[in-house]
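Per-entry structural report
Read off the chains here:
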Amino acid sequence: MSAFQEQKTLVRAYQAALDTSPAGQSAQAIAPFMVRDLDWRGMHPFHEQAGLQAVAELFWDPLKRAMGPLQRRPDIFIAGQSEKGDAGAVWVVEMGQLMGNWMQPWLDIPATRKLAFLRYAEFNRVEDGQIVQSAFFCDILHMMRQAGIIAVPHQTGQFMIAPGPRGGGGLLYDAQDAGEGAQTLYLIDRMCDNINVNRTRFASFEDELADTWTRDMTWSGPTGIGASYTIPRYIEQHSGPFRARLENRQFVGHLSRVAEGNFGGFFGWPNLSVQNGGGYMGQPKNDVQAEMRVVDMYRREGDKLAENWIFIDMLHYLNQQGLDVLARMREVHS
């Protein structure tokens, strides 16, 4: 059985303390569970922050003032030893939605005074009984869309609130059979190798995907790209345009890649760099080698991957293209 129960218990205690603390008291709430000089990585405009005090003051307290009290609604919760980055490091990973009544502006995005969902994935690295490193990815463009602001109109997939795993079962609070996680990680590795190394051995793009994916796979992409269902629609609505319009794709690597049970995932900072060959997300061709910071979460079904949830720091990527989404929003909606 997997040996990550102490790390899971620590992260769940951190989450409970954070969730029940009011705005202005986040730092005191999370201090018992994190090293003071926490290495934290978040989406644009937060980027990298050093220290739990900065994380609380810049991210959690403003979010709570805007939407608190927040209700955590997780869909996936796993832990494992990473085979990438610092190999062997233990990471606890959660994905889901933070829900609240959006009563005050956040990042100057106008409040709706209605129910709102912030989609998130969080990776916490645990050492010696404390969280030492954390990455919090969230879909800021999705929040803007809920406020009626369509920042990226050229979306190839469907806009929606991403569903959790089909059939549930993603909250692995109890110990799991290590062999199941190893099988999931093997499939994730094989899928990545097919993209980066083995692509030419397949007769078609669809054959490449069918090697590791169920035909009725679902791909829940970030706002700006959207969601797709089945291999043919995924090719049409995301992977095809991605490969056709983004040039000089260079894989950088992952800081964490873990799996437990039928679920797994990774993140990189960045994962890859690309050049926009023209038209991707509505942006003109340019020579910028822009980095993409990405989280991928997966569910395995038998001997294939069946579901994929993706977070990309879209604001950071677009900012490198010369489009400051938040600044443009402030100009238009001021």
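Computed from a prediction, not measured in an experiment: that's the story for all the values here. Along each chain, the written sequence defines residue order, and numbers are assigned to residues from 1. Two thresholds apply to this predicted model, a pLDDT of at least 70 for residue-level local features and 80 or more for giving and counting side-chain atom pairs, whereas whole-chain, interface and lining totals are computed over all residues. Excluded from the side-chain calculation are hydrogens and water; included are all heavy atoms of the structure.

**Quick notes on the sheet that holds strand 11 (residues 263-267)**
For two strands to be treated as a pair, DSSP must find at least two bridges joining them. Under the DSSP-based scheme used, a helix requires at least four consecutive residues in state H or I and a strand at least two consecutive residues in state E, with every element numbered from the N terminus. Taken in spatial order, the six strands make up an open sheet running 8-7-15-14-11-10, and their pairing is mixed. This sheet does not close on itself; its edge strands, each paired only once, are strand 8 (227-229) and strand 10 (256-260). Between one strand axis and the next, the sheet turns through 15° on average, direction left out of account. Relative to strand 15 (residues 304-312), strand 14 (residues 294-301) runs antiparallel, the two sharing eight bridges. Between N-to-C directions, angles span 0 to 180 degrees; the directions come from axes that are lines fitted to C-alpha atoms, helices contributing only their stretch in contact.

**Structural notes on the sheet that holds strand 6 (residues 130-138)**
Here six strands make up an open sheet; going across it, the order is 2-1-6-5-4-3 and the pairing mixed. Of all the strands in the sheet, just strand 2 (48-50) and strand 3 (71-81) have a single pairing partner and so form its edges. Strand-to-strand twist across the sheet, computed as the mean angle between neighbouring axes with direction ignored, equals 20°. Where strand 1 (residues 34-42) and strand 6 come together, five bridges link them in parallel fashion. Considered in strand 6, the bridge of Trp40 is made with Ser134. Relative to the sheet, helix 1 (residues 5-20) contacts strand 1, strand 3, strand 4 (90-101), strand 5 (115-127) and strand 6, its axis offset from that of strand 3 by approximately 155°. Pairs of residues are marked as contacts when any of their non-hydrogen atoms sit within 4.5 Å.

**What to know about the pairing of strand 1**
Taken together, the three bridges between strand 1 and strand 2 define a ladder with antiparallel strand orientation. Counterpart to Arg41 in the pairing with strand 2 is Glu48. What sits between strand 1 and strand 2 in their antiparallel hairpin is a turn of five residues, with His47 showing a positive phi close to 55°.

**Notes on the environment of Pro284**
Position of Pro284 relative to the elements: it lies in the loop between strand 12 (272-276) and strand 13 (290-292). In sequence terms Pro284 and Pro222 are 62 residues apart; their C-alpha atoms lie 20 Å from each other. Non-local contacts of Pro284, meaning those with residues more than four positions away in its chain, are made with Asn276 and Gly278.

**Side note on the environment of Glu122**
Tracing the sequence through the fold places Glu122 in strand 5. Dropping the residues within four chain positions of it, Glu122 is found in contact with Tyr14, Gln15, Arg72, Val92, Val93, Glu94, Ser134, Ala135 and Phe136. Among the polar contacts made by the side chain of Glu122, one reaches the side chain of Tyr14 at a distance of 3.0 Å. For this analysis, a polar contact is any N or O atom pair within 3.5 Å, provided that within protein one partner can donate a hydrogen and the other can accept it, and provided that sequence-adjacent residues contribute only side-chain to side-chain pairs.

**Focus on unusual backbone geometry**
The linkage connecting His44 with the following residue, Pro45, adopts the cis geometry, with an omega of 15°. Mapped onto the secondary structure, Pro45 falls in the loop between strand 1 and strand 2. Cis peptide bonds are those with omega within 30 degrees of zero, and the linkage from Gly68 to Pro69 qualifies with -5°. Along the chain, Pro69 falls in the loop between helix 3 (52-67) and strand 3. For Asp108, which is not glycine, the phi torsion reads 70° and is therefore positive. Within the secondary structure, Asp108 sits in the loop between strand 4 and strand 5. The exposure class assigned to Asp108 is partly exposed, which follows from its relative accessible area of 49%. Any residue under 20% of the maximum accessible area for its type is buried, any over 50% is exposed, and the rest in between are partly exposed; the area is computed with a 1.4 Å probe on protein chains only.

Bear in mind that shape data such as this cannot, by itself, settle questions of function.
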